[in-house]
Amino acid sequence: MQKAEPDAALLARARAVLAVPGRVGLAVSGGGDSMAMLHLMAHAAQDVGDRLHAVTVDHRLRPEAAAEAAFVASVCAGLGIPHSVLVWEHDAVTGNLMEAARTARYRLLTSWAKAHDIGQVVLAHTADDQAETFLMGLSRAAGLDGLSGMRPQFQQEGVTFRRPLLKAGRAELREFLVRHGLGWVDDPTNDDDRYTRTRARRALKALQPLGITVERLAAVVRNLALAQGVVNDTIREAARDVVTEVAGALTFEVRAFLDLGGEVDRLLLVEILRWMAGLRHAPRADQIHTLLLALRHGKDATLAGCRFRHKDGRVWVSREARALGGQVPPGALWDGRWEVSGGMGDVRALGAEGLRQCPDWRSTGLPRQVLEVTPALWLGDTLIAAPCAGFGPATATCAPSFHAFLLSH
């Protein structure tokens, strides 16, 4: 298949991705935006060797999805780009279906990228997506973080996700496809008013007579993102000064934390919870307020699967035992953030029973509640290793670190 000649500005965005060495993954759904991205990247990569690998996620939510994945595969074959299909195997989904699908999609993409030594995955989000996300944030009465839009890039488990088309409009990309006779598949859910994004898309059209366009809203999002950047720098500086990470837990001196004031303490709490519990969205404002009150009055508290415990003028933040992930085989990620290596057995929480089998755990200087929720290697009911408690030959790494997580967004 011949690689279509794109506009110079679109081609420049694609080439910017390839300026980073290494293999590049392309998340392609078959829709207009992602097919435009596929052809743009194919054209940009023709002078830099065989670096592109495409992937399609079949969420098993629509009967047409398999045919759409086959369409993408056929286009990739014509372009000489390897293509994979990832399937989300699941039972009936309760709660927020779109959020569950999104979480599964990024988990599958991350695992696929790591398995194929792919350092960055390109997503086809556009300025239209950015504007719609802003309106969705308004509907939730979101704060600065929720109105700052989608980030141009972010990291998940060491894989960088990039959105090079955030300044390109959906119409511009479809004009490129039409001009070169390139096909795409329209997702019927884009016209389904049960979904918030569909309603936001319709609202955006209704706002155009007021001059509230995709371009204007995208500019607003960029301005808010600049302000969010200043806030993030302040949070990172406060974290460096106050918060210490050890064995997957965080600890801070109570007085130093509360003296941050000026909303910094509240925002830092949000980041602590997001890192430790793997939250995409911050807990509700009233929940954070209640947590702050508890810390100010020297009371222990729990929120979002995390425990806040006072000890000798400090607060220790660790996972709640009941919120931990289940048992996983060696080499798999445990509780969404731990990698254990160097021993035999399956990985699950150390727990109170396991801690009793670690004679030297007190020499670590860590509280019991911290160690009990760290990973351990078990062979049936026999404890083989508990790295954080100083027992056995295995090693355990919690990644990314809290401070690296703050730098990633």
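All figures in this text were calculated on a predicted structure; none of them were measured in a lab.

The rules behind the values
- Residues numbered from 1 in each chain as written.
- Predicted model: local features only at pLDDT ≥ 70, side-chain atom pairs only at ≥ 80, totals over all residues.
- Heavy atoms only, no water.
- Pairing = 2+ DSSP bridges.
- Helix = DSSP H or I, 4+ residues; strand = E, 2+ residues; numbered from the N terminus.
- Axes fitted to C-alpha atoms, helices over the stretch in contact; angles between N-to-C directions.
- Contact = heavy atoms within 4.5 Å.
- Phe/Tyr/Trp six-rings, centres within 6.5 Å; stacked < 30°, edge-to-face > 60°.
- Buried < 20%, exposed > 50% of the residue type's maximum accessible area, 1.4 Å probe, protein only.
- Lys NZ or Arg CZ within 6 Å of the ring centre and 35° of its normal.
- Salt bridge = Lys/Arg side-chain N within 4 Å of Asp/Glu carboxyl O.

**Comments concerning the sheet that holds strand β10 (residues 306-311)**
Taken in spatial order, the five strands of this open sheet run β7-β8-β11-β10-β9, and their pairing is antiparallel. Two strands bound the open sheet, and with one partner strand each, they are β7 (243-246) and β9 (301-303). Averaged over all pairs of adjacent strands, the angle between their axes in this sheet comes to 25°, without regard to strand direction. The pairing of β9 with β10 spans three bridges and is classified as antiparallel. The residue bridging leucine 303 from the neighbouring strand is cysteine 306, located in β10. In the packing of helix α12 (residues 285-296) onto the sheet, the strands contacted are β8 (249-253), β9, β10 and β11 (314-319), and the crossing angle to β9 comes to about 160°.

**Looking at the packing of aromatic side chains**
By convention here, two paired aromatic rings are described through the distance between centres and the angle between planes. Summed over all chains, the structure comprises five aromatic pairs. Each ring, one from tyrosine 106 and one from phenylalanine 154, has its centre 5.8 Å from the other, and the planes form 70°; the classification is edge-to-face. You can see tyrosine 106 sitting in helix α4 (residues 97-115) and its partner phenylalanine 154 sitting in strand β5 (residues 153-156), a full 48 residues away along the chain. For phenylalanine 154, a relative accessible area of 6% puts it in the buried group. For the pair tryptophan 275 and phenylalanine 402, a centre-to-centre distance of 5.6 Å together with 65° between the ring planes defines the contact as edge-to-face. In this pair, tryptophan 275 is assigned in helix α11 (residues 264-277) and phenylalanine 402 in helix α15 (residues 402-407), connecting sequence segments 127 residues apart. Comparing tryptophan 275 with phenylalanine 402 shows no difference in burial state: the two are buried. Ring-pair connections join several aromatic residues into one group, and the members of that group are Tyr106, Phe154 and Phe161. One residue, arginine 337, lies across the ring of tryptophan 275, its end atom 4.9 Å from the ring centre.

**Points about the pattern of salt bridges**
Inspection of the entire model under this criterion finds 25 salt bridges. The residue glutamate 68 makes a salt bridge to arginine 62 at a minimum N-O spacing of 2.8 Å. The partner of arginine 368 in a salt bridge is glutamate 372, and the shortest N-O contact between them spans 3.9 Å. Note on arginine 368: relative accessible area 37%, which makes it partly exposed. Three or more residues are tied together by salt bridges with common partners; here these are Asp33, Asp129, Glu132, Arg170, Arg174, Arg197 and Arg201.

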